[in-house]
Amino acid sequence: MEHTRNMALMQLFLAWAALAMCMGSALGSRHRLLDSAVAPNATTEFLTHHNLARAAVGVEPLTWSQKLATSASLEVRYQRDKKNCQIADMSSSKYGENQSWSGGLMTPSQAVELWVDEKKFYNHANNSCEPNQQCGVYTQVVWRKTLEVGCGQASCGKMGPSLTICLYDPPGNYVGESPY
C-alpha cells in the first residue's frame, strides 16, 4: 500500500515536472514559468531532483522560493568573490542548508544527487547514520516539515570549481526527530 502511494506521488510529480518544462518552452525566453535566482531550467532541475527523493520516501514535494533562491545566490557569489569559492559558514542562518563544492562544473541534478547519495548510510528504522558516515544533507532534502527550497550556484573560473548552495524553510535536522 505504501509503495503504491509512493509510486503515485512520484508519477504525479513527474507529470507536473514535464508540464512545467513544456510550459517553460512554450512561453519563450521573455516569459518564465518559474522566477528564480538561477536559470529556469536549473530551477526545474533542482526542484525535480529534490522532489523525486522526497516522493521515494512518501514526503510531499517542496515548492520553489524566490526569496531563498536569492539568498542562496547572494551567498554563493559572496563566497566566490570574497572567500575564494570556499564552503560558506551558514551556522547562524535561520534556514536549513546544503552545500556542495566541485572541482569542475556541477549541474543542479548532480549536486542534489550527491546529497541524496547519503541515503545509503541512513537507517530510518532507528533514525541514525552508519558510524563514520554523514547523512545530514540527505535528511535535509527529505525533511517532512520543510516546505520550500531555493538554490544558487557560482562557477569559480572558466572550467574551474563551482559552489552550490540550497536553502530550506523551515529548516530540518532537529536532534531526536525523524525526517519522515
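Computed from a predicted model, the values in this text were never measured in an experiment. (Residues numbered from 1 in each chain as written. Predicted model: local features only at pLDDT ≥ 70, side-chain atom pairs only at ≥ 80, totals over all residues. Heavy atoms only, no water.)

A. Inspection of the nonpolar core at higher detail. Counting residues in each nonpolar core, the largest one holds 24 residues, and the members touching the most others are Trp64, Trp115, Val142, Val149, Cys166, Tyr168 and Tyr180. What tryptophan 115 contacts, discounting residues up to four positions off in sequence, is His50, Asn98, Gln99, Ser100, Val137, Tyr138, Val141, Thr164, Cys166 and Tyr168. One finds Ala72, Met90, Tyr95 and Leu167 within the second-largest nonpolar core, a separate group that totals 11 residues. (Core = buried A, V, L, I, M, F, W, Y, C linked by side-chain atoms within 4.5 Å. Buried < 20%, exposed > 50% of the residue type's maximum accessible area, 1.4 Å probe, protein only. Contact = heavy atoms within 4.5 Å.)

B. Expanded view of the packing of helix H2 (residues 40-56) against helix H4 (residues 108-116). At a minimum axis separation of 8 Å, H2 and H4 run at an interaxial angle of 20°. Considering their axes alone, H2 and H4 lie roughly parallel with respect to each other. For the crossing formed where H2 meets H4, the hand is right-handed. Across the interface between the two elements, Ala42, Glu45, Phe46, His49, His50 and Ala53 of H2 pack against Pro108, Ser109, Val112, Glu113, Trp115 and Val116 of H4. (Axes fitted to C-alpha atoms, helices over the stretch in contact; angles between N-to-C directions. Helix = DSSP H or I, 4+ residues; strand = E, 2+ residues; numbered from the N terminus. Parallel < 35°, antiparallel > 145°, perpendicular 65-115°, else oblique. Left-handed = near helix turned anticlockwise from the far one by under 90°.)

C. Summary view of the environment of glutamine 140. For glutamine 140, the location among the structural elements is in helix H5 (residues 136-141). Owing to a relative accessible area of 2%, glutamine 140 belongs among the buried residues under this scheme. A sequence separation of 27 residues divides glutamine 140 from leucine 167, and the C-alpha atoms of the two residues are 9.7 Å apart. Sequence-distant contacts of glutamine 140, defined by excluding residues within four places in its chain, comprise Gly96, Glu97, Asn98, Thr146, Tyr168, Pro171, Gly172 and Asn173. At a separation of 3.0 Å, a polar atom in the side chain of glutamine 140 contacts the main-chain amide nitrogen of glycine 172. (Polar contact = N/O pair within 3.5 Å; in protein donor to acceptor, adjacent residues only side chain to side chain.)

D. Here's a closer look at the pairing of strand E2 (residues 96-102). Across the 7 residues of E2, 5 count as buried, placing the element largely inside the fold. In this sheet, strand E6 (residues 162-169) lies alongside E2 in antiparallel orientation, the contact comprising 7 bridges. When the sheet's bridge partners are listed, glutamate 97 is paired in E6 with leucine 167. (Pairing = 2+ DSSP bridges.)

E. Expanded view of the state of the cysteines. As enumerated under the stated definition, the model contains 3 disulfides in all. In this model cysteine 151 forms its disulfide with cysteine 166; the gap between the sulfur atoms is 2.0 Å. In this structure, the disulfide formed by cysteine 151 and cysteine 166 twists by about 105° around the S-S bond and is classed as right-handed. In this pair, cysteine 151 is assigned in strand E5 (residues 148-155) and cysteine 166 in strand E6, connecting sequence segments 15 residues apart. Counting only the cysteines that take part in disulfides, in the order they occur along the protein, gives the pairing 1-5, 2-3, 4-6. (Disulfide = S-S within 2.5 Å.)

F. Local environment of the environment of phenylalanine 121. Secondary-structure assignment places phenylalanine 121 in the loop between H4 and strand E3 (122-123). For the pair phenylalanine 121 and cysteine 135, spaced 14 residues apart in the sequence, the C-alpha separation amounts to 6.5 Å. Once residues lying within four places of it in the same chain are set aside, the contact partners of phenylalanine 121 are Ser128, Cys129, Glu130, Gln133, Gln134 and Cys135.

G. Representation of the sheet that holds E5. In space, the 4 strands of this open sheet follow the order E1-E5-E6-E2, with mixed pairing throughout. Taken across any chain shown, the strands that pair with only one partner, and hence form the sheet edges, are strand E1 (63-64) and E2. The pairing of E1 with E5 spans 2 bridges and is classified as parallel. Each residue of the ladder has a partner; that of threonine 63, found in E5, is glutamate 148. Packed on one face of the sheet, H2 meets E1, E5 and E6 and runs near 130° to E5. Where H4 meets the sheet, its contacts fall on E2, E5 and E6, and the angle it forms with E2 comes to roughly 115°.

Without other data, these values stay purely geometric and don't point to any function.
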